[in-house]
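The residues making up each chain are set out below.
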Amino acid sequence: MSFARPRLFPVLISLLAGSTSLAGPAMAEGEVNIYSYRQPFLIQPMLDRFTAETGVRTNVVFTDQGLVERLKAEGANSPADVVLTVDISRLNELVTAKVVRPVSSPVIEANIPAATRDPQGRWFGLTTRARAIFAAKDRVPAGAVTSYADLADPRWKGRVCSRPGDHVYNIGLISAMIAHDGVDKTKAWLEGVKANLAQKPGGSDRSQVKAIKEGLCDLALVNTYYLGAMLADPDQKAWAESATMLFPDLSGHGTHVNVSGMAMTASAPNRDNALKLMEFLSGDEAQRLYAEANSEFPVKPDVARSPLVASWGTFTADPIALTEVASRAGEALKLVNEVDFNEGPGS
Amino acid sequence: MIRLRSVASPWTLGSALIASIVAVAPLSVLVLALTPEGEAIWGHLASTVLPGYLINTALLLLGVGLGTLVIGTGCAWLVTLYRFPGRRLFEWALLLPLAVPAFILGFTYTELLDYAGPVQATLRALAGWSSPRDYWFPEVRSLGGAILLMSLVLYPYVYLLARAAFLEQSLCTLEVSRTLGCTPLAAFFRVALPLARPSLVVGVALALMEALNDYGTVKLFNVHTLTSGLYNVWLIMGNRQGAAQIACVLLTFVVALIIAERLARAKRAYHGAGGRSRPIEGRPLNGLAGGAALIACALPVVLGFGVPAAVLLRNTLVRLPEAIDGPLLGYARASLTLSTLAAAIALALGLFLAYAGRLDPSPLTRWLGRLSGLGYALPGTVLAIGLLVPFGAFDNALDGWMRAHFGLSTGLLLSGSLFALVFAYVVRFLALSFGAAESGLARVRPSLDSAARSLGCRPAQVLARVHLPLIKGSLLTAALLVFVDSMKELPASLLLRPFNVETLATHVFQFASSEQIERAAPGALAIVVTGLIPVIVLSRAIAQARSWRGTPGETPSQ
């Protein structure tokens, strides 16, 4: 007949067959499954080295949001073994949601100092990163800016750039400030910074440095490792070279520092391999890779910073407990909303 | 017995089944919104950022609505009713921006038009300006910029449906209006436009829902909308309930859109007026008018496709060896497979729902259709979590039961496999296929159904023999939309995919999110190119689907 049934079924079946093969074996032996908030290209070098040394294969799902919810929904059957995050708030969120299990390992405990891990072993810092101020080399005199407080000084009106106030890196800094100085003083600071903004906050840390290069602003908040990343990128090298990186002081406590970190999931089906991976990531080899490839500060005390990172000089890191910082995130976001920081200057 | 059958026909029951499965995600978000957890957030939001979110969201919708309507309808009208240089090319080229994800268009334009970009740098070099204080240049990263760029990628929704509607209109109707004294413009506004209204409303509503749950572009452009506020409350404050409540506000926007659409169509019949029609030849436009038509059609294509494609191509060429060696082919295969599956399933379900609504035009079936489309209104991540929660609960319950009774573990049957991802795409984009199928069916006169039924056809046979051939164009449009949108989908893909599955969009995102346009470019270009294939194939098929017109031997009603 002229209205022959479309031959859809064979097509569908072959598609289905094709798609299941895409899923790949996730739970076979000799594997470890990672949920990652960190971008794959940043962690792949460490994972490749881990596989080369142990023969354990790594499987990764990367996303920038919602992994805690996924772990909660998947419950006891979740295939994930290890979670990697970019800041303390996410680690804290994992703990609060009760989706991670305590890990007790003499190796990890020897590698990672107590200040950058949970006393109960529910999360571990892997690298630290400071929230630095980048200053235009030719427009900001040496010594003119030494603290975060300076960013709110009216003399910098129209000369400060920042990514949005509600980005996790800024929320971390504002949270630490609330913890030290209280809500009111922090709010006044945030209003001062807002009044000094050169433009509406936006873009990433890199865009702020680019804006310095282009003369749009003279001062910007930027995480340290971006300096290394931009110097390594031929297109962005000039941006990085237009600015000096300063380690600002936070009310006498030192520079605000956050961590990237890891945790083992409560469900972890490949517990032995997960532990192997966590121990590896805390060890010399991986810590050196983090330092070299990502220009981050290794948490393991005897692992040297990369020559580039070492050339940036030393600084005092704010010793505040990171869980204290994480617990203030909600208050920090409220302040950002109250001063309407993201609408930029003059609103 | 007869009465029971007429009340609950298999079609109605089927619709109810589809609607209840598909509505699982929005409903579980609703449940979250009503479950007290954490601190109450409304007081704080209402007194601080919420008014701004609402105003920005409303302005964005207004701007994108107008933009897509003017570009989409205007171009569809030109290429359908006039002949001018390049018309044949524009017929399908106007669809090209559909293949470009909004966030990719956004980052290519910020590259170009930023203070540091080539455009402003050239201006400065020419005029001798040295700082941003020396001159004024429109800010790309603004509400206006977001409206403009979103209109450029979303107008094809309106164009597709408007063109289908104009093509399905009988030329005779227009000619009659001309003999009655209408100018071409008057014929457009008084005859063609009102006849095409259901399709236009559907097209604009689809574009608006896309704009409503866009996260990437508004974030890139520093426009703070309800959707961006939702992510803050949820991710930074860790307040799921507050986030779900904002999602419900978003849903009310959508319900308002749907009601507006219903009201616009209330009590009007939009069936094709003439049984016999002949292909539209198009009035020739010469000289100035032809040139103006050419420019009007070229602008959206160049701005929405040509420019970003050129930027991506340039950046890809810089890294050509990497682009060739890389695993892009595998990602493209995954994207193609998943999107094809989603398009096929969504098309089948959408057609079923639309036809059930035609067989039984009661409020119940109509609202079942509407309910099935709600997933389109949810921001991708929220939709994904709305699926994960019930799927995870089901999986764990099933696994527990199987272990207890059979000593077998079924693991994460639904939530841990590609099933969840395809399901999410279908839920997300069912509104597209349903909308297109429904507006296509609405243009087929009910007397055709009656005639076919009186000749002994069962409803399914009427659908297969009468309606399908008549609305093939609308259905292909629907499949195309779902396919391309699934290709571009990002947030749900990020969160729901199993280990080691990357789509082109998730691959691009890791670089795009840290402003590494060179590394993102090959993947982004691959999305655009892969998206082009169905755009071209299907737009040709849409044109062919109408070729039976004017050849009475093939007219199905004979």
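This is a predicted model, so every value here is computed, not measured.

**Observations regarding the overall build of chain A**
Then comes step 1: Secondary structure summary: chain A contains 15 helices and ten strands in total.
Then comes step 2: Compactness check: chain A gives a C-alpha radius of gyration of 23 Å against a globular reference of 20 Å for 347 residues, within 12% of the reference.
Then comes step 3: Its C-alpha atoms give chain A principal-axis dimensions of about 75 × 65 × 40 Å.
Then comes step 4: Counting only residues that meet the buried cut, chain A has 59% of its 347 residues in that class.
Then comes step 5: Across chain A, every contact between residues at least 6 apart in sequence was considered, and the portion connecting residues at least 24 apart equals 78%.
Then comes step 6: Taken as a whole, chain A presents about 13,100 Å² of accessible surface, with 55% of it coming from carbon and sulfur.
Then comes step 7: Here chain A contributes 35 positive and 39 negative side-chain charges, whose respective centroids are spaced 4 Å apart.

**Side note on the domain arrangement of chain A**
All names here are of chain A.
Then comes step 1: Here chain A is partitioned into domain 1 (31-128 + 258-305) and domain 2 (129-256 + 322-343).
Then comes step 2: For domain 1 versus domain 2, the distance between C-alpha centres works out to 27 Å.
Then comes step 3: On the side of domain 2, 15 residues touch domain 1, which itself brings 16 residues to the contact.
Then comes step 4: Summing the contributions of domain 1 and of domain 2, the shared interface buries around 1,300 Å²; its carbon and sulfur component is 60%.
Then comes step 5: When the shortest N-O distance is used, the salt bridge between Arg-129 and Glu-296 registers 3.0 Å.
Then comes step 6: Applying the counting criterion to the domain 1 and domain 2 interface returns three residue pairs in polar contact (both at pLDDT 80 or more).
Then comes step 7: Grouping the amino acids of the side of domain 1 that touches domain 2 by side-chain chemistry returns five nonpolar, eight polar and three charged.

**Comments concerning the domain arrangement of chain B**
All names here are of chain B.
Then comes step 1: The domain boundaries assigned to chain B delineate domain 1 (10-27 + 317-543) and domain 2 (40-268 + 279-304).
Then comes step 2: With 43 residues of domain 1 at the interface, the matching set in domain 2 holds 36 residues.
Then comes step 3: Summed over both sides, the interface of domain 1 with domain 2 buries roughly 3,700 Å², with 72% coming from carbon and sulfur.
Then comes step 4: The tally of links between domain 1 and domain 2 comes to zero salt bridges.
Then comes step 5: Our count for the domain 1 to domain 2 interface comes out at three residue pairs in polar contact (both at pLDDT 80 or more).
Then comes step 6: Looking at the side of domain 1 that touches domain 2, the elements with two or more residues in it are α18 (363-372), α19 (380-406), α20 (418-442), α23 (472-488), α25 (504-512) and α26 (517-545).

**Thoughts on a nonpolar patch on the surface**
Then comes step 1: Residues Leu-294, Ile-295, Leu-299, Val-302 and Leu-303 of chain B make up a contiguous nonpolar surface patch of about 400 Å² in total accessible area.
Then comes step 2: Tracing the chain through its elements places Leu-303 of chain B in helix α15 (residues 287-318).

**Structural notes on the interface of chain A and chain B**
Then comes step 1: Taken residue by residue, the interface counts 66 residues in chain A and 66 residues in chain B.
Then comes step 2: At the boundary of chain A with chain B, the tally comes to one salt bridge.
Then comes step 3: For Glu-214 of chain A, the salt bridge is made with Arg-124 of chain B, and the minimal N-O distance between the two is 3.8 Å.
Then comes step 4: Our enumeration of links across chain A and chain B arrives at twelve residue pairs in polar contact (both at pLDDT 80 or more).
Then comes step 5: Looking at which element gives the most residues to the side of chain A that touches chain B, the answer is helix α1 (residues 8-23) of chain A, with eight residues.
Then comes step 6: Taken together, the residues that form the side of chain A that touches chain B break down as 25 nonpolar, 23 polar and 18 charged.

**Observations regarding the pairing of strand β9 (residues 257-265) of chain A**
All names here are of chain A.
Then comes step 1: For β9, a buried count of nine out of nine residues is recorded, marking the element as mostly surrounded by other parts of the structure.
Then comes step 2: In the sheet, strand β3 (residues 82-85) pairs with β9 via four bridges, with the strands oriented antiparallel. When the bridges of β9 are listed, Thr-85 appears paired with Gly-261.
Then comes step 3: Two elements, strand β4 (residues 100-101) and β9, share two bridges in a ladder whose sense is antiparallel. Each residue of the ladder has a partner; that of Val-100, found in β9, is Thr-265.

**Comments concerning the side chain of Thr-48 of chain B**
Then comes step 1: Relative to the helices and strands, Thr-48 of chain B is located in the loop between α4 (42-47) and α5 (50-81).
Then comes step 2: Residue class for Thr-48 of chain B comes out buried when judged on its relative accessible area of 18%.
Then comes step 3: For Thr-48 of chain B, the side chain forms a polar contact with the main-chain oxygen of His-44 of chain B, separated by 2.7 Å.
Then comes step 4: Among all residues touching Thr-48 of chain B, those that are not within four sequence positions of it are Asn-337 and Glu-338 of chain A.

**Observations concerning the state of the cysteines**
Then comes step 1: Enumeration over the complete set of coordinates arrives at one disulfide over all chains.
Then comes step 2: Residue pairing for Cys-161 of chain A: its cysteine sulfur links by disulfide to Cys-217 of chain A, the two sulfurs lying 2.5 Å apart. The chirality of the disulfide connecting Cys-161 of chain A with Cys-217 of chain A is left-handed, given an S-S dihedral of about -115 degrees. Here Cys-161 of chain A is found in strand β6 (residues 160-161), whereas its partner Cys-217 of chain A is found in the loop between α8 (205-213) and β7 (219-223), with 56 residues between them in sequence. Cys-217 of chain A shares its class with Cys-161 of chain A; the two are buried.
Then comes step 3: Counting only cysteine sulfurs, Cys-297 of chain B is the nearest neighbor of Cys-75 of chain B, a cysteine outside any disulfide, at a range of 4.3 Å.

Rules used in this analysis
Residues numbered from 1 in each chain as written. Chains lettered and ligands numbered in written order. Predicted model: local features only at pLDDT ≥ 70, side-chain atom pairs only at ≥ 80, totals over all residues. Heavy atoms only, no water. Helix = DSSP H or I, 4+ residues; strand = E, 2+ residues; numbered from the N terminus. Rg over C-alpha atoms; globule rule 2.2 N^0.38 Å. Buried < 20%, exposed > 50% of the residue type's maximum accessible area, 1.4 Å probe, protein only. Contact = heavy atoms within 4.5 Å. Areas by Shrake-Rupley, 256 points an atom, 1.4 Å probe, with all protein chains shown as cover. Lys, Arg positive; Asp, Glu negative; His and termini not counted. Charge placed at Lys NZ, Arg CZ, Asp CG, Glu CD. Domains from an automatic or database assignment. Buried area = accessible area lost by both parts, 1.4 Å probe. Salt bridge = Lys/Arg side-chain N within 4 Å of Asp/Glu carboxyl O. Polar contact = N/O pair within 3.5 Å; in protein donor to acceptor, adjacent residues only side chain to side chain. Nonpolar A, V, L, I, M, F, W, Y, C, P; charged D, E, K, R; others polar. Patch = residues over 30% accessible without salt bridge, like charges linked within 9 Å, V, L, I, M, F, W, Y side chains within 5 Å. Pairing = 2+ DSSP bridges. Disulfide = S-S within 2.5 Å.

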